[in-house]
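Next come the chains, spelled out residue by residue.
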Amino acid sequence: MHTAKVNTMDNALYFMREAIKIGLQGMDNNEGGPFGCVIVKDGEIIGRGWNKVIITNDPTAHAEITAIRDACKNLSHFQLTGCDVYTTCEPCPMCMGALYWARPSKVYYANTREDAAAIGFDDSFIYNELAMPLERRKIILECVGRNEALQMFEQWRQKGNKTLY
């Protein structure tokens, strides 16, 4: 794991510059869009990620997601308690959801969602879709097999040796 310790008042700008640097490298290598992210704990970078959508053919390989995966692997834990996230753009709905699940202390971002939309990364349709009732969304959602699936949930509820997250 490559790390960098910094103990100055301009930590936030330092770490954002690190996120920008790896985002540019990924972009220049044609791995994905111009997005980078670093995750910091106790003044040390413990996770790095950049957009890898193109190189992996994975629409979920956004900078924040790849950084969360790297940080959690390095921490040997599925949450980012006590960590700060520095991302080069306001997180999209998917990444924001992942960040809520990961539970960092704070997220710093540089560019806004409007800045992203201006260069072709417009997520407004997702925000609009999520605000609509299920029956009006563009992707059809249909409930099937709920009774059987509820049995699995009941087994989870009764499971004694589970780890909550």
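Here the structure is shown first, and the text comes after it.
Fair warning: this is a prediction, and the values are worked out from it, not measured in the lab. (Residues numbered from 1 in each chain as written. Predicted model: local features only at pLDDT ≥ 70, side-chain atom pairs only at ≥ 80, totals over all residues. Heavy atoms only, no water.)

### Things to note about the nonpolar core
Let me state the cut-off plainly: In these notes, a set of buried Ala, Val, Leu, Ile, Met, Phe, Trp, Tyr and Cys residues joined through side-chain atoms within 4.5 Å is what counts as a nonpolar core. Here's how the labels work: a residue is buried when its accessible area is under 20% of the maximum for its type, exposed when over 50%, partly exposed in between, all with a 1.4 Å probe on protein chains only. Each helix is a run of DSSP H or I of at least 4 residues and each strand a run of E of at least 2, with the numbering of both proceeding from the N terminus. Only heavy atoms enter the contact rule, under which two residues are in contact if any of them lie within 4.5 Å.
Grouped together as the largest cluster of nonpolar side chains are 20 residues, with contacts concentrated most on Cys37, Ile39, Ile68 and Leu80. For this core, the secondary structure elements donating two or more residues are strand E1 (36-41), helix H3 (63-75), strand E3 (83-89) and helix H4 (93-102). Looking at which element gives the most residues to this core, the answer is H3, with six residues. Setting aside its immediate chain neighbours within four residues, Cys37 contacts Ala19, Ile22, Gly47, Arg48, Gly49, Ala63, Glu64, Ala67, Val85, Tyr86 and Thr87. Ala19, Ile22, Val38 and Val40 belong to the second largest nonpolar core, which has eight residues in total.

### Thoughts on helix H1 (residues 11-28)
To be explicit about the condition: Each helix should span, by expectation, one fewer than its residue count multiplied by 1.5 Å. Each direction from the helix axis to a C-beta atom contributes to the arc, which is the arc of those directions.
Compared with an ideal rise of 1.5 Å per residue, which puts 18 residues at 26 Å, H1 spans 26 Å between its outermost C-alpha atoms and is within 8% of the ideal. Along H1, the residues that are buried comprise Phe15, Met16, Glu18, Ala19, Ile22, Gly23 and Gly26. Buried residues along H1 cover an arc of 150° about the axis, so they all sit on one side. Turned more than 90 degrees off the buried face of H1, the exposed positions are Arg17 and Asp28. Just downstream of H1 lies Asn30, where phi reads positive at about 60°.

### Here's the deal with the pattern of salt bridges
Under the convention used in this document: When a carboxyl oxygen of Asp or Glu is within 4 Å of a side-chain nitrogen of Lys or Arg, the pair counts as a salt bridge.
Counted by the stated rule, this structure contains six salt bridges. The closest approach of N and O atoms between Arg48 and Glu18, which form a salt bridge, is 3.5 Å. Of this pair, Arg48 sits in strand E2 (residues 44-50) while Glu18 sits in helix H1, placing them 30 residues apart in sequence. Residue Arg48 is classed as buried on the basis of its relative accessible area of 17%. Taking relative accessible area as the criterion, Glu18 reaches 11% and is therefore assigned buried.

### Looking at the pairing of E2
Condition: The pairing criterion for strands is at least two bridges between them, as found by DSSP.
Counted residue by residue, E2 has six buried out of seven residues, so it is predominantly covered. With six bridges joining them, E1 and E2 adopt antiparallel strand pairing. The residue of E2 that forms the bridge with Val40 is Ile45. Hairpin geometry of E1 and E2 is characterised by an intervening segment of two residues between the two adjacent antiparallel strands and by a positive phi of about 55° at Asp42.

### Comments concerning unusual backbone geometry
With a phi close to 55°, Asp42 is a non-glycine residue in the positive phi region. Of note, Asp42 is situated in the loop between E1 and E2. A positive phi angle, close to 60°, is found at Arg103, a residue other than glycine. Summarising the element assignment, Arg103 is placed in the loop between H4 and strand E4 (106-111).

### Digging into the packing of aromatic side chains
Our working definition: Note on ring pairs: Phe, Tyr and Trp rings are taken, using the six-membered ring of Trp, and paired if centres are within 6.5 Å. Classes follow the plane angle, with under 30 degrees stacked, over 60 edge-to-face and the rest tilted. Here, over-ring charges are defined by two tests on the NZ atom of lysine or the CZ atom of arginine: distance to the ring centre within 6 Å, and angle to the ring normal within 35 degrees.
Summed over the entire model, instances satisfying the criterion amount to five aromatic pairs. Here the aromatic rings of Tyr14 and Phe15 are separated by 5.2 Å at their centres, their planes lie at 75°, and the arrangement is edge-to-face. For Tyr14, a relative accessible area of 28% corresponds to the partly exposed category. Under the relative-accessibility criterion, Phe15 is labelled buried at 1%. Relative to Tyr86, the ring of Phe15 lies with its centre 5.3 Å away and its plane at 45°, an arrangement referred to as tilted. Pair noted here: Phe15 is in helix H1 and Tyr86 is in strand E3, with a separation of 71 residues, a long-range link. Within the aromatic cluster, the residues linked to one another by ring pairs are Tyr14, Phe15, Tyr86 and Tyr108. Over the ring of Trp50 we find Lys52, and its NZ or CZ is 4.2 Å from the ring centre. A cation over a ring is seen here: Arg113 above Tyr127, with NZ or CZ 4.1 Å from the ring centre.

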